[in-house]
Amino acid sequence: MLVLKAEYKVEGGKLIKVQLEREDNKIKAIKITGDFFMHPEELIDELEKSLIGCSIEESAITEIIKRFIEEKGVILLGVAPEDFAKCIVRAGGSSG
Amino acid sequence: MAEKWRLLDTGLKDAFYNMALDEAIVIARSKNLVPNTLRFFRWEPSAVSIGYFQSMEEEVDVEACNRLGIDYVRRRTGGGAVYHDRDGELTYSIVISENHPLISRDFQKTYEILCSGLVRGLRLLGIPAEFKPINDIVIGGKKISGNAQTRGMGIVHQHGTILRDVNPKLMFTVLKVPSEKIRDKMIKSVEERVTSIKSYLGREVTFEELKNALISGFEEALNIELVPGEITDFEERMAMKLKMEKYSTREWNFRR
(Lines give C-alpha, C1' and ligand atoms only; values in the text may rest on other atoms or scores of the structure.)
Protein backbone atom coordinates (compact mmCIF):
# COMPACT_ATOMS: atom_id res chain seq x y z
CA MET A 1 0.00 0.00 0.00
CA LEU A 2 1.35 3.40 -0.97
CA VAL A 3 1.89 5.65 2.03
CA LEU A 4 1.62 9.30 1.15
CA LYS A 5 3.33 11.89 3.32
CA ALA A 6 3.35 15.63 3.84
CA GLU A 7 4.42 18.22 6.37
CA TYR A 8 2.92 21.60 7.06
CA LYS A 9 4.36 24.26 9.34
CA VAL A 10 1.74 26.66 10.66
CA GLU A 11 3.01 30.23 10.57
CA GLY A 12 3.58 31.30 14.16
CA GLY A 13 2.39 27.85 15.20
CA LYS A 14 3.36 24.22 15.16
CA LEU A 15 4.35 21.51 12.70
CA ILE A 16 1.91 18.93 11.38
CA LYS A 17 2.96 15.70 9.66
CA VAL A 18 0.51 13.43 7.88
CA GLN A 19 0.85 9.91 6.54
CA LEU A 20 -2.06 8.46 4.65
CA GLU A 21 -3.25 5.74 2.36
CA ARG A 22 -5.52 6.80 -0.45
CA GLU A 23 -8.18 4.85 -2.29
CA ASP A 24 -10.50 6.37 -4.94
CA ASN A 25 -9.41 9.82 -3.75
CA LYS A 26 -10.65 8.95 -0.26
CA ILE A 27 -8.70 8.52 2.97
CA LYS A 28 -8.20 4.81 3.65
CA ALA A 29 -5.85 5.16 6.62
CA ILE A 30 -4.29 8.18 8.27
CA LYS A 31 -1.78 9.12 10.95
CA ILE A 32 -1.40 12.70 12.12
CA THR A 33 1.75 13.52 14.09
CA GLY A 34 3.57 16.70 15.05
CA ASP A 35 4.54 19.06 17.86
CA PHE A 36 1.11 20.68 18.27
CA PHE A 37 -1.14 20.61 21.32
CA MET A 38 -4.56 19.01 21.38
CA HIS A 39 -6.65 18.42 24.49
CA PRO A 40 -7.66 15.84 25.51
CA GLU A 41 -4.69 14.19 23.82
CA GLU A 42 -6.14 10.69 23.54
CA LEU A 43 -8.86 11.88 21.14
CA ILE A 44 -6.31 12.02 18.32
CA ASP A 45 -7.01 8.35 17.50
CA GLU A 46 -10.72 9.05 17.28
CA LEU A 47 -10.10 12.14 15.16
CA GLU A 48 -8.05 10.05 12.73
CA LYS A 49 -10.82 7.44 12.59
CA SER A 50 -13.43 10.08 11.84
CA LEU A 51 -11.48 11.02 8.70
CA ILE A 52 -11.46 7.55 7.18
CA GLY A 53 -13.62 7.43 4.07
CA CYS A 54 -13.56 11.21 3.68
CA SER A 55 -12.79 12.69 0.26
CA ILE A 56 -9.36 14.24 0.03
CA GLU A 57 -10.77 17.71 -0.36
CA GLU A 58 -9.85 20.65 1.84
CA SER A 59 -13.27 22.01 2.74
CA ALA A 60 -14.75 18.57 3.43
CA ILE A 61 -11.87 17.64 5.72
CA THR A 62 -11.97 21.00 7.50
CA GLU A 63 -15.68 20.52 8.10
CA ILE A 64 -15.24 17.06 9.63
CA ILE A 65 -12.44 18.23 11.92
CA LYS A 66 -14.36 21.34 12.98
CA ARG A 67 -17.43 19.29 13.81
CA PHE A 68 -15.35 16.74 15.74
CA ILE A 69 -13.71 19.47 17.78
CA GLU A 70 -16.99 21.14 18.57
CA GLU A 71 -18.76 17.92 19.52
CA LYS A 72 -15.97 16.64 21.74
CA GLY A 73 -14.95 19.96 23.23
CA VAL A 74 -11.42 19.58 21.91
CA ILE A 75 -8.94 22.43 22.34
CA LEU A 76 -6.17 22.99 19.80
CA LEU A 77 -3.07 25.10 20.35
CA GLY A 78 -0.63 26.04 17.61
CA VAL A 79 -2.81 24.52 14.88
CA ALA A 80 -6.32 24.98 13.48
CA PRO A 81 -8.65 22.54 11.69
CA GLU A 82 -7.80 24.27 8.38
CA ASP A 83 -4.10 23.52 8.95
CA PHE A 84 -4.75 19.81 9.43
CA ALA A 85 -6.86 19.86 6.27
CA LYS A 86 -4.15 21.62 4.26
CA CYS A 87 -1.56 19.07 5.34
CA ILE A 88 -3.87 16.14 4.61
CA VAL A 89 -4.65 17.45 1.11
CA ARG A 90 -0.96 18.06 0.52
CA ALA A 91 -0.24 14.44 1.50
CA GLY A 92 -3.15 13.16 -0.58
CA GLY A 93 -1.81 14.93 -3.63
CA SER A 94 1.76 13.76 -3.16
CA SER A 95 3.22 10.80 -4.96
CA GLY A 96 4.64 9.15 -1.88
CA MET B 1 -0.35 34.52 54.10
CA ALA B 2 0.95 32.95 50.95
CA GLU B 3 -0.53 29.59 50.04
CA LYS B 4 1.77 26.66 50.80
CA TRP B 5 2.85 24.33 47.98
CA ARG B 6 5.05 21.28 48.19
CA LEU B 7 8.55 21.54 46.72
CA LEU B 8 10.16 18.35 45.46
CA ASP B 9 13.67 17.89 44.18
CA THR B 10 13.98 14.36 42.87
CA GLY B 11 17.50 14.74 41.49
CA LEU B 12 18.90 12.50 38.76
CA LYS B 13 16.51 9.79 37.55
CA ASP B 14 15.92 7.85 34.35
CA ALA B 15 13.50 9.11 31.72
CA PHE B 16 10.80 6.50 32.34
CA TYR B 17 10.70 7.12 36.06
CA ASN B 18 10.75 10.88 35.53
CA MET B 19 7.70 10.81 33.29
CA ALA B 20 5.98 8.20 35.47
CA LEU B 21 6.49 10.26 38.62
CA ASP B 22 4.96 13.33 36.99
CA GLU B 23 1.83 11.32 36.22
CA ALA B 24 1.85 9.74 39.68
CA ILE B 25 1.87 13.21 41.26
CA VAL B 26 -1.07 14.20 39.04
CA ILE B 27 -3.02 11.13 40.20
CA ALA B 28 -2.14 11.78 43.85
CA ARG B 29 -3.19 15.43 43.50
CA SER B 30 -6.47 14.40 41.86
CA LYS B 31 -7.22 12.21 44.90
CA ASN B 32 -6.33 15.12 47.15
CA LEU B 33 -3.51 13.08 48.72
CA VAL B 34 -0.93 15.81 48.13
CA PRO B 35 -0.90 19.61 47.82
CA ASN B 36 -0.11 21.60 44.68
CA THR B 37 3.46 20.76 43.83
CA LEU B 38 6.53 22.16 42.12
CA ARG B 39 9.08 19.51 41.28
CA PHE B 40 12.65 19.88 40.00
CA PHE B 41 14.34 16.96 38.32
CA ARG B 42 17.19 15.94 36.04
CA TRP B 43 17.89 13.04 33.71
CA GLU B 44 20.39 10.21 34.14
CA PRO B 45 21.22 8.97 31.63
CA SER B 46 20.61 11.93 29.32
CA ALA B 47 17.39 11.37 27.40
CA VAL B 48 15.14 12.48 24.58
CA SER B 49 11.48 13.08 25.22
CA ILE B 50 8.95 13.46 22.44
CA GLY B 51 5.53 15.07 22.47
CA TYR B 52 2.39 12.96 22.78
CA PHE B 53 1.56 13.32 19.07
CA GLN B 54 5.02 12.77 17.67
CA SER B 55 6.38 9.66 16.00
CA MET B 56 9.40 8.16 17.77
CA GLU B 57 10.86 6.78 14.55
CA GLU B 58 10.47 10.08 12.75
CA GLU B 59 11.84 12.33 15.47
CA VAL B 60 14.52 10.28 17.20
CA ASP B 61 17.60 8.49 15.94
CA VAL B 62 16.93 5.47 18.09
CA GLU B 63 20.11 3.70 16.98
CA ALA B 64 22.26 6.67 17.92
CA CYS B 65 20.52 6.80 21.31
CA ASN B 66 21.15 3.10 21.89
CA ARG B 67 24.79 3.54 20.93
CA LEU B 68 25.26 6.54 23.22
CA GLY B 69 23.21 5.14 26.11
CA ILE B 70 20.58 7.85 25.80
CA ASP B 71 17.01 7.00 26.84
CA TYR B 72 13.95 7.96 24.80
CA VAL B 73 10.44 8.39 26.10
CA ARG B 74 7.07 9.70 25.00
CA ARG B 75 5.56 12.42 27.20
CA ARG B 76 1.92 12.65 28.25
CA THR B 77 2.02 16.27 26.99
CA GLY B 78 2.08 17.55 23.42
CA GLY B 79 4.83 19.69 21.96
CA GLY B 80 8.15 18.84 20.39
CA ALA B 81 11.13 16.55 20.86
CA VAL B 82 13.57 17.66 23.54
CA TYR B 83 17.08 16.49 24.31
CA HIS B 84 17.54 16.47 28.09
CA ASP B 85 21.24 16.66 28.79
CA ARG B 86 22.26 15.26 32.19
CA ASP B 87 24.48 18.23 32.92
CA GLY B 88 23.04 20.92 30.70
CA GLU B 89 19.43 21.03 31.68
CA LEU B 90 17.07 21.46 34.59
CA THR B 91 13.49 20.24 34.26
CA TYR B 92 10.53 21.26 36.41
CA SER B 93 6.95 20.22 36.69
CA ILE B 94 3.94 21.90 38.24
CA VAL B 95 0.91 19.94 39.35
CA ILE B 96 -1.99 22.14 40.39
CA SER B 97 -5.70 21.75 40.80
CA GLU B 98 -7.63 23.00 37.77
CA ASN B 99 -10.02 25.01 39.94
CA HIS B 100 -7.19 27.05 41.48
CA PRO B 101 -7.58 30.82 40.90
CA LEU B 102 -4.24 30.86 39.01
CA ILE B 103 -5.70 28.57 36.36
CA SER B 104 -7.55 30.08 33.45
CA ARG B 105 -9.80 28.13 31.10
CA ASP B 106 -7.59 29.58 28.41
CA PHE B 107 -4.56 27.32 27.94
CA GLN B 108 -2.46 30.11 26.42
CA LYS B 109 -3.14 32.37 29.41
CA THR B 110 -2.31 29.55 31.82
CA TYR B 111 1.05 28.94 30.12
CA GLU B 112 1.88 32.60 30.60
CA ILE B 113 0.85 32.60 34.27
CA LEU B 114 2.72 29.40 35.20
CA CYS B 115 5.77 30.45 33.16
CA SER B 116 5.86 33.77 35.02
CA GLY B 117 7.60 31.96 37.88
CA LEU B 118 10.41 30.91 35.55
CA VAL B 119 10.62 34.35 33.98
CA ARG B 120 10.87 36.00 37.40
CA GLY B 121 13.45 33.45 38.54
CA LEU B 122 15.64 33.97 35.51
CA ARG B 123 15.43 37.75 35.96
CA LEU B 124 16.69 37.29 39.53
CA LEU B 125 19.80 35.79 37.94
CA GLY B 126 20.16 38.90 35.79
CA ILE B 127 18.70 37.31 32.66
CA PRO B 128 16.07 39.44 30.85
CA ALA B 129 13.78 36.52 30.10
CA GLU B 130 10.37 36.96 28.51
CA PHE B 131 7.44 34.66 27.86
CA LYS B 132 6.86 34.03 24.16
CA PRO B 133 3.59 32.44 23.07
CA ILE B 134 2.77 29.64 22.60
CA ASN B 135 4.96 27.92 25.16
CA ASP B 136 8.47 29.31 25.19
CA ILE B 137 10.63 31.57 27.29
CA VAL B 138 13.17 33.61 25.36
CA ILE B 139 16.06 36.00 25.88
CA GLY B 140 16.34 38.55 23.09
CA GLY B 141 14.28 36.24 20.89
CA LYS B 142 16.40 33.15 21.60
CA LYS B 143 14.73 30.23 23.32
CA ILE B 144 15.98 29.23 26.77
CA SER B 145 12.96 27.27 28.01
CA GLY B 146 10.25 25.12 26.43
CA ASN B 147 7.10 24.14 28.28
CA ALA B 148 4.19 21.76 27.79
CA GLN B 149 0.87 21.50 29.54
CA THR B 150 -2.01 19.09 29.80
CA ARG B 151 -5.18 18.76 31.83
CA GLY B 152 -7.15 15.83 33.09
CA MET B 153 -8.63 14.43 36.33
CA GLY B 154 -9.28 18.04 37.37
CA ILE B 155 -5.55 18.75 37.42
CA VAL B 156 -3.29 20.98 35.35
CA HIS B 157 0.13 19.49 34.70
CA GLN B 158 2.85 21.62 33.15
CA HIS B 159 6.46 20.64 32.73
CA GLY B 160 9.36 22.26 30.98
CA THR B 161 13.06 22.71 30.67
CA ILE B 162 15.58 25.42 31.44
CA LEU B 163 18.86 25.31 29.55
CA ARG B 164 21.96 25.89 31.66
CA ASP B 165 24.19 24.92 28.79
CA VAL B 166 23.44 23.80 25.26
CA ASN B 167 25.08 21.24 22.99
CA PRO B 168 23.50 21.49 19.52
CA LYS B 169 25.85 18.92 18.09
CA LEU B 170 24.74 16.19 20.45
CA MET B 171 21.15 17.41 20.12
CA PHE B 172 21.22 16.66 16.40
CA THR B 173 22.97 13.37 16.87
CA VAL B 174 19.97 12.05 18.75
CA LEU B 175 17.21 13.97 16.99
CA LYS B 176 16.51 13.06 13.39
CA VAL B 177 17.42 15.60 10.77
CA PRO B 178 16.18 15.41 7.19
CA SER B 179 19.66 14.71 5.83
CA GLU B 180 23.30 14.70 6.79
CA LYS B 181 23.86 17.58 4.43
CA ILE B 182 21.68 19.93 6.37
CA ARG B 183 22.82 18.78 9.81
CA ASP B 184 25.50 21.48 9.99
CA LYS B 185 23.04 24.07 8.82
CA MET B 186 20.58 23.00 11.49
CA ILE B 187 23.25 23.10 14.18
CA LYS B 188 24.04 26.67 13.10
CA SER B 189 20.40 27.62 13.08
CA VAL B 190 19.93 26.21 16.58
CA GLU B 191 22.87 28.27 17.74
CA GLU B 192 21.04 31.30 16.40
CA ARG B 193 17.67 30.39 17.86
CA VAL B 194 18.53 28.78 21.19
CA THR B 195 20.53 30.10 24.10
CA SER B 196 21.43 29.01 27.60
CA ILE B 197 22.16 30.59 30.95
CA LYS B 198 25.85 29.96 30.42
CA SER B 199 25.99 31.55 26.99
CA TYR B 200 24.00 34.58 28.10
CA LEU B 201 25.78 35.25 31.40
CA GLY B 202 29.18 34.00 30.27
CA ARG B 203 29.54 32.02 33.48
CA GLU B 204 28.43 28.73 34.97
CA VAL B 205 25.35 28.88 37.17
CA THR B 206 25.16 25.80 39.37
CA PHE B 207 21.97 23.76 39.58
CA GLU B 208 21.62 24.88 43.21
CA GLU B 209 21.88 28.55 42.29
CA LEU B 210 19.40 28.08 39.44
CA LYS B 211 16.90 26.18 41.58
CA ASN B 212 17.10 28.76 44.34
CA ALA B 213 16.43 31.56 41.86
CA LEU B 214 13.48 29.68 40.38
CA ILE B 215 12.06 28.92 43.83
CA SER B 216 12.10 32.66 44.64
CA GLY B 217 10.72 33.40 41.19
CA PHE B 218 7.75 31.08 41.62
CA GLU B 219 7.09 32.24 45.18
CA GLU B 220 7.02 35.88 44.12
CA ALA B 221 5.20 35.48 40.82
CA LEU B 222 2.51 33.07 42.02
CA ASN B 223 2.30 34.41 45.58
CA ILE B 224 3.01 31.01 47.10
CA GLU B 225 5.35 29.54 49.67
CA LEU B 226 7.29 26.49 48.55
CA VAL B 227 7.80 24.05 51.40
CA PRO B 228 10.38 21.30 50.80
CA GLY B 229 8.63 17.95 51.01
CA GLU B 230 8.87 14.30 50.08
CA ILE B 231 7.20 11.97 47.63
CA THR B 232 4.47 9.97 49.34
CA ASP B 233 4.50 6.15 49.34
CA PHE B 234 1.43 6.27 47.11
CA GLU B 235 3.29 8.37 44.54
CA GLU B 236 6.39 6.19 44.64
CA ARG B 237 4.37 3.00 44.16
CA MET B 238 2.29 4.58 41.40
CA ALA B 239 5.44 5.89 39.69
CA MET B 240 7.05 2.44 39.69
CA LYS B 241 3.87 0.94 38.29
CA LEU B 242 3.55 3.58 35.55
CA LYS B 243 7.22 3.21 34.69
CA MET B 244 6.84 -0.56 34.28
CA GLU B 245 3.44 -0.61 32.60
CA LYS B 246 3.57 2.55 30.51
CA TYR B 247 6.60 4.78 30.11
CA SER B 248 9.23 2.08 29.63
CA THR B 249 7.12 0.06 27.20
CA ARG B 250 7.57 -0.09 23.48
CA GLU B 251 3.82 0.03 23.12
CA TRP B 252 3.68 3.52 24.64
CA ASN B 253 6.91 4.94 23.26
CA PHE B 254 6.36 3.80 19.68
CA ARG B 255 2.59 4.11 19.57
CA ARG B 256 2.66 6.88 16.95
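Shown above is the structure to which this text applies.
Parameters and conventions
Residues numbered from 1 in each chain as written. Chains lettered and ligands numbered in written order. Predicted model: local features only at pLDDT ≥ 70, side-chain atom pairs only at ≥ 80, totals over all residues. Helix = DSSP H or I, 4+ residues; strand = E, 2+ residues; numbered from the N terminus. Rg over C-alpha atoms; globule rule 2.2 N^0.38 Å. Buried ≥ 20, exposed ≤ 12 C-beta atoms within 10 Å, placed from the backbone. Contact = placed C-beta atoms within 7 Å. Pairing = 2+ DSSP bridges. Axes fitted to C-alpha atoms, helices over the stretch in contact; angles between N-to-C directions. Expected span 1.5 Å × (residues − 1). Bend = angle between axes of the 7 residues up to and from the residue.

**A word on the overall build of chain B**
Then comes step 1: Along its length, chain B carries 10 helices and 11 strands.
Then comes step 2: The C-alpha atoms of chain B give 17 Å as radius of gyration, which agrees with the globular expectation for 256 residues (18 Å, within 12%).
Then comes step 3: For chain B, the spread of C-alpha atoms along the three principal axes comes to 55 × 45 × 30 Å.
Then comes step 4: Across the 256 residues of chain B, 45% fall into the buried class.
Then comes step 5: Across chain B, every contact between residues at least 6 apart in sequence was considered, and the portion connecting residues at least 24 apart equals 75%.

**Section: the environment of Phe 234 of chain B**
Then comes step 1: Mapping Phe 234 of chain B onto the fold places it in helix H9 (residues 233–247).
Then comes step 2: Leaving out residues up to four positions away in the same chain, Phe 234 of chain B has contacts with Ala 28 and Leu 33 of chain B.

**Some points on the sheet that holds strand E4 (residues 71–74) of chain B**
Strands pair in a sheet through their backbones, by hydrogen bonds, and they do so in one of two ways: parallel or antiparallel.
All names here are of chain B.
Then comes step 1: Overall, mixed pairing links the 3 strands, which are arranged E4-E3-E5 in an open sheet. Only two strands of the sheet have a single neighbouring strand rather than two, namely E4 and strand E5 (82–84). Within this sheet the neighbouring strands show an average axis-to-axis angle of 25 degrees, counted without direction.
Then comes step 2: Summarising the sheet, strand E3 (residues 47–50) and E5 pair through 3 bridges and their orientation is antiparallel. Following the sheet pairing, Ser 49 is matched in E5 by Val 82.
Then comes step 3: Sitting on the sheet, helix H1 (residues 15–30) touches E3 and E4, and the angle it makes with E4 is about 25 degrees.

**A closer look at unusual backbone geometry**
Then comes step 1: Cis rather than trans, the peptide bond between His 39 of chain A and Pro 40 of chain A has omega equal to -10 degrees.
Then comes step 2: Of note, Pro 40 of chain A is situated in the loop between strand E4 (37–39) and helix H1 (44–51).
Then comes step 3: One non-glycine residue with positive phi stands out, namely Asp 24 of chain A, at about 50 degrees.
Then comes step 4: Mapped onto the elements, Asp 24 of chain A comes out in the loop between strand E2 (15–23) and strand E3 (26–34).
Then comes step 5: At Met 153 of chain B, a position not held by glycine, the phi torsion is positive, near 60 degrees.
Then comes step 6: You can see Met 153 of chain B is positioned in the loop between strand E9 (142–152) and strand E10 (155–163).

**Observations concerning helix H4 (residues 107–124) of chain B**
Residues and elements named next belong to chain B.
Then comes step 1: Spanning 18 residues, H4 covers 26 Å between terminal C-alpha atoms, matching the ideal 26 Å at 1.5 Å per step.
Then comes step 2: The largest bend in H4 amounts to roughly 35 degrees and is located at Cys 115.
Then comes step 3: All buried positions along H4 are accounted for by Phe 107, Tyr 111, Leu 114, Cys 115, Gly 117, Leu 118, Val 119, Gly 121 and Leu 122.
Then comes step 4: Gly 126 occupies a position one or two residues after H4 and carries a positive phi of about 90 degrees.

**Topic: the sheet that holds strand E1 (residues 4–9) of chain A**
Residue and element names in this part refer to chain A.
Then comes step 1: Read across the open sheet, the 3 strands follow the order E1-E2-E3; overall the sheet is antiparallel. Every interior strand has two partners, whereas the edge strands, E1 and E3, have only one. Between one strand axis and the next, the sheet turns through 20 degrees on average, direction left out of account.
Then comes step 2: One ladder, built from 8 bridges, connects E2 with E3; its direction is antiparallel. The residue of E3 that forms the bridge with Lys 17 is Thr 33.

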